Amino acid sequence: MSEAANAKPSTRSSRGAAAAEAVRTQRARSLGYETVALVLQGGGALGAYQAGVLEGLDEARIALDWVAGISIGALNTAIIAGNEPSMRVPMLRAFWETICKPRFTPAMPASIEHMLFTASDATRSMLTALQAASAAAQGQSGFFAPRIPTPLPWAASAPDQVSWYDTTPLKATLERFCDFDRINSGETRVSVGAVNVATGNFVYFDNTRTTLRAEHFIASGALPPGFAPVEIDGEFYWDGGVVSNTPLSEVLSASPRRDTLVFQVDLWCARGPVPQTLENVGMRVKDIQYSSRTRFVTDMLQREQRYRHLLRELLERVPKATRESDRLCKIADDLACSKRYNVLQLIYQQQTFERGDKDYQFGRTTMQSHWEAGLTDIRGTLSNDTWLDLPGNQTGFVTHDVHRVSG
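Bear in mind the structure is a predicted one, so any value in this text is a computation, not a measurement.

Draft legend 1. Seen up close, the overall build of the protein. If you tally the helices and strands in the protein, you get 16 helices and eleven strands. Taking 407 residues into account, the globule formula puts the C-alpha radius of gyration at 22 Å, and the protein, at 22 Å, falls close to it. Judged by the C-alpha coordinates and their principal axes, the protein covers about 75 × 50 × 45 Å. Of all 407 residues assigned to the protein, the portion counted as buried reaches 50%.

Dropping the structure here:
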């Protein structure tokens, strides 16, 4: 990696940082916003849905100035931010085609896999079960491999060895598909979430505060006990999904506040049927746990913004001299906000053939199905002409979901 990439952002010239900020602002304002963000949840093999969403945004020529992710969302974030806009879709495609190959055995011929996937529900279920079992037994190409010998649960090891699988191949894969000089240039803001194993604190690695390396993105996806924690600057980090599986609040709570358009891409749907089999119980638990109650988070932030708007309106009725001299008015002024937020939610809808192993079922045809679902959903979202508009309601906050009535 070049010296420029290894230099901390604080050592870059102020002129370069200002230029990057000017580029981000110009791109966002083409839609009437000061920030346009893509927020990517964790969800393993389901992450191809996010790649489909990105393809749809690229089709619509919607430029992003902030990409934030957790777990597989962090890996997609690295590919997106680590490539020039015209190469993002091809590089995402190449990345997913790489990690959707078995680690050791030859991949099933594409024609046979497609035939089994589309023939019937029975053949599709058999195929996907075999592919999930393959991932568990041998890992995925360029991603992870089982530790040999298999770790003994009671045997002590170095922290970065305490897992069922080794993610060493992922570092070379990310460095192959990502330009970390570009990631650290500041042209696009990048944030990925992880958990400090020793303190339990949730942290965001952000290119406005630190120089990002492959390790930061791998740490964000180091879900235990499958994957070991990643050491960064003497501390060990696990997957951010252990605490929160979506970086939405990080984007919406950013300071200084800005008019913000967010494409929130979730891989787990909190809403679903009550299970009637033990197999479905495990799947439903994952849906609830990793959805991270994003609807609740969104509703909470919407209420908060309503109060900030109300406080701003009240302050405007106070004489200017009082606002400038009164201590409480100064505090209120810091809390008040007239900025507007628009959250477009794209939530993956589980398909009937999927089971509890859907997050590690890396079949190529399934990946393509997830990708197409994301592309279909973002096209449907963008077909609603008014959904990209700045909010004009009293709260200054709106949400839209192509699968539900808009909020």
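From this point on, the discussion continues.
Draft legend 2. Spatial organisation of the pairing of strand E6 (residues 202-206). Taken together, the five bridges between strand E5 (residues 189-196) and E6 define a ladder with antiparallel strand orientation. Bridge assignment links alanine 194 to a residue of E6, and that residue is valine 203. Hairpin remark: E5 followed by E6, antiparallel, with five residues in the connecting loop; positive phi at glycine 200, about 75°.

Draft legend 3. Main features of the confidence of the model for the protein. For the protein, the average pLDDT comes to 89, and 92% of its residues sit at 70 or higher. Taken together, the stretch residues 1-13 has pLDDT below 50 and engages in 18 contacts with residues farther than four places along the chain or on a different chain.

Draft legend 4. Representation of the packing of aromatic side chains in the model. Following the criterion strictly, the structure yields 15 aromatic pairs and no others. Taken together, a centroid distance of 5.4 Å and an interplanar angle of 70° make the contact between tyrosine 49 and tyrosine 348 edge-to-face. Residue tyrosine 49 is located in helix H3 (residues 48-59), and its partner tyrosine 348 is located in the loop between strand E10 (341-347) and helix H16 (364-382); the two are separated by 299 residues in the primary sequence. Across the pair, exposure class does not vary: tyrosine 49 and tyrosine 348 are buried alike.

Draft legend 5. Quick peek at the pattern of salt bridges. Tallying each qualifying case throughout the model produces 19 salt bridges. For arginine 182, the salt bridge identified is with glutamate 187, shortest N-O distance 3.2 Å. With a relative accessible area of 24%, arginine 182 lands in the partly exposed category. A residue is classified by how much of its surface remains accessible, and glutamate 187, at 26% relative accessible area, is partly exposed. Linking aspartate 259 and arginine 340 is a salt bridge whose minimum nitrogen-to-oxygen distance equals 3.9 Å. Of this pair, aspartate 259 sits in the loop between helix H11 (248-252) and strand E9 (260-266) while arginine 340 is found in the loop between helix H15 (327-335) and E10, placing the two residues 81 residues apart along the sequence. Via salt bridges that share partners, Lys171, Glu175, Arg213 and Glu215 belong to a single interconnected network.

Rules used throughout
Residues numbered from 1 in each chain as written. Predicted model: local features only at pLDDT ≥ 70, side-chain atom pairs only at ≥ 80, totals over all residues. Heavy atoms only, no water. Helix = DSSP H or I, 4+ residues; strand = E, 2+ residues; numbered from the N terminus. Rg over C-alpha atoms; globule rule 2.2 N^0.38 Å. Buried < 20%, exposed > 50% of the residue type's maximum accessible area, 1.4 Å probe, protein only. Pairing = 2+ DSSP bridges. pLDDT = per-residue confidence, 0-100. Contact = heavy atoms within 4.5 Å. Phe/Tyr/Trp six-rings, centres within 6.5 Å; stacked < 30°, edge-to-face > 60°. Salt bridge = Lys/Arg side-chain N within 4 Å of Asp/Glu carboxyl O.

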